[in-house]
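Inside the fold
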Number of protein chains: 2
Amino acid sequence: MAEGSYHHGNLRAALLERAETVLAESGVAGLSLRGLARDLGVSHAAPARHFRDRQAVLDALVVSGFTDLNRRMRAAAEGPGPVQRRMADVGRAYVGFAIERAALLGLMFTAKHEEGSGEELRQLAHTSLEIAARLLAEAQRGGAVRPGDPTRLAQVAFSTVHGLAALAVGGLLDDTPVDDATDLALEVLLAGLRAPR
Amino acid sequence: MAEGSYHHGNLRAALLERAETVLAESGVAGLSLRGLARDLGVSHAAPARHFRDRQAVLDALVVSGFTDLNRRMRAAAEGPGPVQRRMADVGRAYVGFAIERAALLGLMFTAKHEEGSGEELRQLAHTSLEIAARLLAEAQRGGAVRPGDPTRLAQVAFSTVHGLAALAVGGLLDDTPVDDATDLALEVLLAGLRAPR
DNA sequence: ACCTGAACACCGTTCAAGT
DNA sequence: ACCTGAACACCGTTCAAGT
């Protein structure tokens, strides 16, 4: 069952894999259910067995994106080394994800993470912030970060890193290497977080 | 010529105005040329006289967005008051724009600002960064900001503010008032920019 | 359980034709 | 110069029918 094996239970996974490739190559506007079905050699109605509609495919991609992002951030946050180093590592993990899966990150932040829009997705998005908040709380105990609500400080830290990723992906860093921009942003952020109010 | 006056030279402007409304209400996926034409009471082919294709409408919206954003940032940067205050005002101007025209901001950062994609748009996006860089250079002369390439420091400042806007628009600030989050982010940013390397 | 083929309403885009 | 109407190829979604 080598070539026609999509018809044996893994069509859903195949659709998602192909969808992210198309997303990266042609943008969200270029992603069509019929196109995916054509690429995978199934009928145009087959995807409906696995996804209610086109939006459900995009939602599933966003879920896989946040899952991967959280995994990377958690690994960096829980690694060895002093807390300042791990804070910077989390930032670099975020930017790395953003560069590797740029189109997906755009999708992840196009979706509204309000109350209504899918509890799973809302929870996943908040987990990213919680990872940062926990690490900041640890840093506060060590005196490396000013006192204050770690959740709010995490919002600031997240903003810096996400904004940097957006600039990099949008091509607004010009000839500044993204690693250099990341290092500077993290250095400024950590200095600002260290300074008492 | 009150009601049917779209047929007298302002169809282009009417299309853009309606397009931004639809964008805000239904997202970019809900924006169709045929729908706009229907809303304005012209034939479905009429928009083609003013915009080459659907993407041209989106591009025009993005241009108007950056023009407005730059106007607001410039006004804040050139206002009265000490330079620290004006730096924070520029940040608040950015976040204010992001909240008011959230869907448009998403569009503005979906477009790639690489070499190829329209020189006008690339120039407009860079102007935002230049406004910040000039202000930071002034602050450096007054000693309020550390030495270093103002262009690179502007990338960091822009990241913080853009990221915050993305969080706010995405609904990830939870119950934190956006003004509070903005104040904290700007305070951390300015403290970090003040600290010497 | 999973997929197919037909059907319907929608869309972008083009183009000859009208005023 | 500006708009219309028809045409074409595409799309999302649904549904009876097949295996």
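Parameters and conventions
- Residues numbered from 1 in each chain as written.
- Chains lettered and ligands numbered in written order.
- Predicted model: local features only at pLDDT ≥ 70, side-chain atom pairs only at ≥ 80, totals over all residues.
- Heavy atoms only, no water.
- Near = heavy atom within 4 Å.
- Polar contact = N/O pair within 3.5 Å; in protein donor to acceptor, adjacent residues only side chain to side chain.
- Helix = DSSP H or I, 4+ residues; strand = E, 2+ residues; numbered from the N terminus.
- Nonpolar A, V, L, I, M, F, W, Y, C, P; charged D, E, K, R; others polar.
- Phe/Tyr/Trp six-rings, centres within 6.5 Å; stacked < 30°, edge-to-face > 60°.
- Buried < 20%, exposed > 50% of the residue type's maximum accessible area, 1.4 Å probe, protein only.
- Least-squares fit on C-alpha atoms with pLDDT ≥ 70 in both.
- Contact = heavy atoms within 4.5 Å.
- Salt bridge = Lys/Arg side-chain N within 4 Å of Asp/Glu carboxyl O.
- pLDDT = per-residue confidence, 0-100.

If you check the shell around DNA strand C, you find 20 residues, and the closest are A:Ser43, B:Leu33, B:Arg34, B:Arg38 and B:Arg54. Here, DNA strand C places atoms within 4 Å of the protein, and 45% of those atoms are sugar or phosphate. In this structure, a phosphate oxygen belonging to DNA strand C sits 2.3 Å away from a side-chain N or O atom of B:Arg38. The element contributing the most residues to the surface near DNA strand C is helix α2 (residues 33-40) of chain B, with three residues. Broken down by class, the residue content of the surface near DNA strand C amounts to eight nonpolar, six polar and six charged.

A few words on the packing of aromatic side chains. Residue and element names in this part refer to chain A. Summed over all chains, the structure comprises six aromatic pairs over all chains. A ring pair is formed by phenylalanine 109 and phenylalanine 158, whose centres lie 6.4 Å apart and whose planes are at 35 degrees; its orientation type is tilted. Here phenylalanine 109 is found in helix α5 (residues 102-110), whereas its partner phenylalanine 158 is found in helix α7 (residues 150-169), with 49 residues between them in sequence. Across the pair, phenylalanine 158 and phenylalanine 109 agree in class, each one buried. By the ring-pair criterion, three or more aromatic residues cluster together here, those being Phe66, Tyr94, Phe109 and Phe158.

So, on to the relation of the copies chain B and chain A. When chain B is brought onto chain A, the operation consists of a screw motion whose angular component is 180 degrees and whose axial shift is 0.0 Å, with 0.0 Å RMSD remaining. The symmetry that links the two subunits is that of a two-fold axis. Taken as a fraction of all interface residues of chain B, those also at the interface in chain A reach 100%, which identifies the copy contact as same-surface.

Around DNA strand D sit 20 residues in total, of which A:Leu33, A:Arg34, A:Arg38, A:Arg54 and B:Ser43 are the nearest. Here a phosphate oxygen of DNA strand D and a side-chain polar atom of A:Ser32 are 3.5 Å apart. Partitioned by chemical class, the residues of the surface near DNA strand D number eight nonpolar, six polar and six charged.

Considering all chains together, one arrives at 24 salt bridges over all chains under this definition. Of the charged contacts, one joins A:Asp68 and A:Arg72 as a salt bridge, the two residues approaching to 3.3 Å between their closest N and O atoms. Taken together, the positions of A:Asp68 and A:Arg72, both in helix α3 (residues 54-77) and four residues apart, correspond to about one turn of that helix. For the pair A:Asp68 and A:Arg72, one class covers both residues: buried. Taking the shortest distance from any N to any O, the salt bridge between B:Arg86 and B:Glu138 comes out at 2.7 Å. Note that B:Arg86 is positioned in helix α4 (residues 83-100) and B:Glu138 in helix α6 (residues 119-141), a separation of 52 residues in sequence. For B:Arg86, a relative accessible area of 9% corresponds to the buried category. Given a relative accessible area of 29%, B:Glu138 falls into the partly exposed group. When salt bridges with common partners are traced through the structure, they connect A:Glu20, A:Asp68, A:Arg71, A:Arg72, A:Glu100 and A:Arg101 into a single cluster.

Here the focus is the confidence of the model for chain A. For chain A, mean pLDDT is 92; residues scoring 70 or higher make up 93% of the total. Low pLDDT (under 50) marks residues 1-5 of chain A, which in the prediction has one contact with non-local residues, meaning those over four places away or in another chain.

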